[in-house]
Amino acid sequence: MFELIYLGIGSNIGDRETNIFSAIAALDVRDDIKVVRTASIYESDPLYNLQQPKFLNTVVELKSTLDPEVMLQVCQGVELMLGRSTDHKKNDPRVIDLDILAYETKSIDLDHLKIPHPDLITRKFVLVPWNEITPDFMVQDFGRTVSELLKICPDTSNAVSYTHLRAHETRHEIV
């Protein structure tokens, strides 16, 4: 049975935009995953390790029959294919990062996998794009919709539309 799944995708090394689009394409070519919607791309400052480049982030809505542990393996495979190191440290710069944010009907609490993602409620770079595509999605275990979580998010950083930033840069280049 198909289920809605939400992934957060981010990049802050190399061609960040291409990295994100490549990850989405790698997911979408699989027969057992269908990309339904993709939020706009947003640029944000790093939260914890501040000595690194800004991130680009988006959220994608998928339909799949894959169980969470298999989806985790798929995400890790996409990360490896796009050049993410297997010995990466938490909060270090990365070519690509895919996080399972939530499943429509599943909650998982394992050492290596927690769904919904426990940190999503404190990250604007996740909630802003997610709110764009599905503000009324009820996040299991939090008992709130994405838009409600965004309203109470303690993160004071900015998640700025990357399309808007690029349009602004282009205008300056033309002048």
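Each remark here, short or long, concerns the structure printed above.
These numbers come from a predicted model, not from an experiment.

K.L.:
Help me understand the overall build of the protein chain in this model?
P.N.:
Scanning the protein chain for helices and strands turns up 5 helices and 10 strands. In terms of C-alpha radius of gyration, the protein chain reaches 16 Å, essentially the compact-globule figure of 16 Å for 175 residues. For the protein chain, the spread of C-alpha atoms along the principal axes amounts to about 55 × 35 × 30 Å. For the protein chain, buried positions account for 45% of its 175 residues. Relative to all contacts within the protein chain whose residues are 6 or more apart in sequence, the contacts with residues 24 or more apart total 70%. Here the protein chain holds 18 positive side-chain charges and 27 negative ones, and the gap between their average locations is 3 Å.

K.L.:
In this structure, what is going on with helix α1 (residues 16–28)? I would like to understand it.
P.N.:
Helical periodicity: at 3.6 residues per turn, an α-helix aligns residues three or four positions apart in one direction. Compared with the 18 Å implied by 1.5 Å per residue over 13 residues, the 19 Å span of α1 between its first and last C-alpha is a close match. Within α1, burial applies to R16, E17, N19, I20, A23, I24, A26 and L27.

K.L.:
What am I meant to see in the pattern of salt bridges here?
P.N.:
Charged atoms that come close allow side chains of opposite charge to pair. With the rule as written, the count across this model stands at 10 salt bridges. Note that R84 and E79 form a salt bridge whose closest N and O atoms lie 3.3 Å from each other. Overall, the relative accessible area of 10% leaves R84 in the buried class. Residues R84 and D97 are paired through a salt bridge, measuring 2.6 Å at the closest nitrogen-oxygen approach. Here D97 lies in strand β5 (residues 97–103) and R84 lies in the loop between α2 (68–81) and β5, a separation of 13 residues in the sequence. Where salt bridges share partners, they join E79, R84, R94 and D97 into one cluster.

K.L.:
Where do I start with unusual backbone geometry in this structure?
P.N.:
Residues apart from glycine generally show negative phi values, whereas peptide bonds are mostly found in trans. With omega at 5°, the peptide bond leading from I115 into P116 counts as cis. As for its placement among the helices and strands, P116 is situated in the loop between β7 (114–115) and α3 (124–133). One non-glycine residue, D141, lies in positive phi territory at about 75°. Topologically, D141 is positioned in the loop between β8 (138–139) and β9 (144–145).

What counts, and where the lines are drawn
- Residues numbered from 1 in each chain as written.
- Predicted model: local features only at pLDDT ≥ 70, side-chain atom pairs only at ≥ 80, totals over all residues.
- Heavy atoms only, no water.
- Helix = DSSP H or I, 4+ residues; strand = E, 2+ residues; numbered from the N terminus.
- Rg over C-alpha atoms; globule rule 2.2 N^0.38 Å.
- Buried < 20%, exposed > 50% of the residue type's maximum accessible area, 1.4 Å probe, protein only.
- Contact = heavy atoms within 4.5 Å.
- Lys, Arg positive; Asp, Glu negative; His and termini not counted.
- Charge placed at Lys NZ, Arg CZ, Asp CG, Glu CD.
- Expected span 1.5 Å × (residues − 1).
- Salt bridge = Lys/Arg side-chain N within 4 Å of Asp/Glu carboxyl O.

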